[in-house]
Amino acid sequence: MKKYEIAEILGVDTKTLTNWKENRKELYEIVMTHFEEKKEYPDLNNMEYLKQEMIKAIDTLPNAKTKKFYHLMMAELAEMGH
């Protein structure tokens, strides 16, 4: 991301970023690192990803809750004719 884009998002002038770089090095590094990091977002259209996330979530539940979700899911599937 370009400096002018970062400045626009923050609502400051690009000169402010330059001043931070010279006079507030830690703040500048925090801001720039935040905007330079690649952010990866899950593909919610990827059914394999969704299934894996559901399994991970279920694996963290107590047994009673796992059984509850099983029965809820099976009831939903039965309603759909599966």
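Residues numbered from 1 in each chain as written. Predicted model: local features only at pLDDT ≥ 70, side-chain atom pairs only at ≥ 80, totals over all residues. Heavy atoms only, no water.

A.B. asks: Just give me the short version of the environment of E48, but keep the residues and values in it.
C.D. replies: Positionally, E48 belongs in helix α4 (residues 47-59). The class of E48 is partly exposed, set by a relative accessible area of 47%. (Helix = DSSP H or I, 4+ residues; strand = E, 2+ residues; numbered from the N terminus. Buried < 20%, exposed > 50% of the residue type's maximum accessible area, 1.4 Å probe, protein only.)

A.B. asks: Outline the nonpolar core, supporting the account with residue identities and numerical values.
C.D. replies: It is characteristic of soluble globular proteins that their nonpolar side chains tend to be buried jointly. Ranked by size, the top nonpolar core spans eight residues in total: I6, A7, L17, W20, Y28, V31, M32 and F35. When residues of this core are traced back to their parent elements, those giving at least two are α1 (3-10), α2 (14-23) and α3 (25-36). (Core = buried A, V, L, I, M, F, W, Y, C linked by side-chain atoms within 4.5 Å.)

A.B. asks: Requested: an account of the packing of α1 against α2, with residues and values cited.
C.D. replies: Two packed helices can be described by the angle between their axes and the distance between those axes. Orientation of α1 relative to α2, taken along the N-to-C sense of each, is 100 degrees, at an axis distance of 8 Å. For the element pair α1 / α2, the angle class is roughly perpendicular. From α1, K3, Y4, I6, A7 and L10 reach across to α2, where they touch T14, L17, W20 and K21. (Axes fitted to C-alpha atoms, helices over the stretch in contact; angles between N-to-C directions. Parallel < 35°, antiparallel > 145°, perpendicular 65-115°, else oblique. Contact = heavy atoms within 4.5 Å.)

A.B. asks: An account of the pattern of salt bridges is requested, with residue identities and associated values reported.
C.D. replies: Opposite charge on two side chains makes pairing possible when the charged atoms of those side chains draw close. In this structure the tally under the stated criterion is two salt bridges. Here K51 makes a salt bridge to E48, at a shortest N to O gap of 3.6 Å. One end of the pair, K51, and the other, E48, are both in helix α4, three residues apart, so they sit about a helical turn from each other. Overall, K51 belongs to the partly exposed group, its relative accessible area being 44%. A salt bridge links E53 to K56; the nearest nitrogen and oxygen atoms lie 2.8 Å apart. Remark: K56 and E53 occur in helix α4; sequence separation between them is three residues, near one turn of the helix. (Salt bridge = Lys/Arg side-chain N within 4 Å of Asp/Glu carboxyl O.)

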